[in-house]
Amino acid sequence: MKLIGNFKMNLTYPEVCKYLQTIQASENMIFCPTNLYLPFFLEKGLTVGIQDVSEYSMGSYTGQTSASQASSLGVKYAIIGHSERRKKYKDENLKEKINQAIYNNLKVIYCIGEEEGQNKQEILIHQLSLLEGVIHSISIVYEPVWAIDTGKVPTNQEIEETVLFIKEYCQKKFHLSLEVYYGGSVDEENIKKLKTISSLDGFLVGKASYDSEKFNQMSNILFLQ
Ligand code: PGA
């Protein structure tokens, strides 16, 4: 089981300092703070991921961070294809980003999920098509867009069916056996029920992850109970 925290663009520097004093990290927790703060999490000995990488290897790309830069710092994971980036930044070069990450020894956490009213299976198959040719270092997060930051969560049965569909499809189509996580409004109250989904390998948490008290509670429920 893995517990991944996606801080998005949250916390000021003093808040990060406080967070680092109060978080009780375990080895299966992955922290994905804003790029500026990555070194502080690494200095603490925590396992760290970056929220996105550039599709380019290096060069004149103002504002971007390359997979090689992240990797040289000690970052181990890269989230790619988060729905906020797909939607707000029209993130399109996801295959190049996946390739950059894997080439630079980052493990990819690839986010997929349908919007409200879309044909789920069709969308997932389309988003998974980028995995053609990938043979290792990738895991999937199933995040229905309508569940992110809304407090709405699918039923356990819906998540279980979708996770199994993703695993079976990837096995059949790409011969990949993958870990699949769930993301979307997971918090310290619902994680107990969600962790009973047997096919699931972990969670990607937004809002509840950058509150150290809540994230500590979640890790206790997941790893100690
Ligand atoms: P949320 O975000 O937990 O705040 O819904 C999840 C995500 O966007 O990864």
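In what follows, the accompanying structure is described. Residue positions are given per chain, counting from 1 as you read along its sequence in written order. Local features in this predicted model are restricted to residues of pLDDT 70 or higher, and side-chain atom pairs are both shown and tallied only at a pLDDT of 80 or more, whereas totals for entire chains, interfaces and linings draw on every residue. Values shown for side chains rest on all heavy atoms present in the structure; no hydrogens or waters enter the calculation.

## Overview of the site of the ligand
Part 1 of the argument: The full set close to the ligand counts 13 residues, and K8, H82, E143, D149 and S185 are the nearest of them.
Part 2 of the argument: Note that an oxygen atom of the ligand is positioned 2.7 Å from one of the side-chain N or O atoms of H82.
Part 3 of the argument: Contacts described as polar in this section are N or O atom pairs within 3.5 Å, which, within protein, must combine one atom able to donate a hydrogen with one able to accept it, while residues neighboring in sequence count only if both atoms come from side chains. The backbone of K207 places a nitrogen or oxygen atom 2.9 Å from an oxygen atom of the ligand.
Part 4 of the argument: Reported accessibility uses the Shrake-Rupley method at a 1.4 Å probe radius. Residues are deemed covered only where the shown protein chains occlude them. Against a free-state accessible area of 280 Å², the protein chains account for coverage of 98% of the ligand.
Part 5 of the argument: Note on residue classes: Ala, Val, Leu, Ile, Met, Phe, Trp, Tyr, Cys and Pro are nonpolar, Asp, Glu, Lys and Arg are charged, and everything else, Gly too, is polar. Each residue belonging to the shell around the ligand can be placed in one class, and the counts come to 4 nonpolar, 5 polar and 4 charged. Throughout, near means a residue has at least one heavy atom within 4 Å of the molecule or strand.

## Observations regarding the pairing of strand 2 (residues 29-32)
Part 1 of the argument: Type-normalised accessible area, obtained with a 1.4 Å probe on protein chains alone, sets the label of each residue: buried when under 20%, exposed when over 50%, and partly exposed for intermediate values. The helix and strand labels rest on DSSP assignments: H or I over at least four residues marks a helix, E over at least two residues marks a strand, and numbering proceeds from the N terminus. Because side chains alternate across strand 2, one face comprises the buried residues M29 and F31, and the other comprises I30 and C32, equally buried.
Part 2 of the argument: Note on the crossover from strand 1 (residues 2-6) through helix 1 (residues 13-22) to strand 2: the handedness is right-handed.
Part 3 of the argument: Here a strand pair is declared whenever DSSP counts at least two bridges between the two strands. One ladder, built from 2 bridges, connects strand 2 with strand 3 (residues 47-50); its direction is parallel. Within the sheet, the bridge partner assigned to I30 lies in strand 3 and is T47.
Part 4 of the argument: With respect to chirality, the unit in which strand 2 leads through helix 2 (residues 38-43) into the neighbouring parallel strand 3 is right-handed. Classification remark: right-handed applies to a crossover when, strands pointing away from the viewer, the course from the first strand over the helix to the second runs clockwise.

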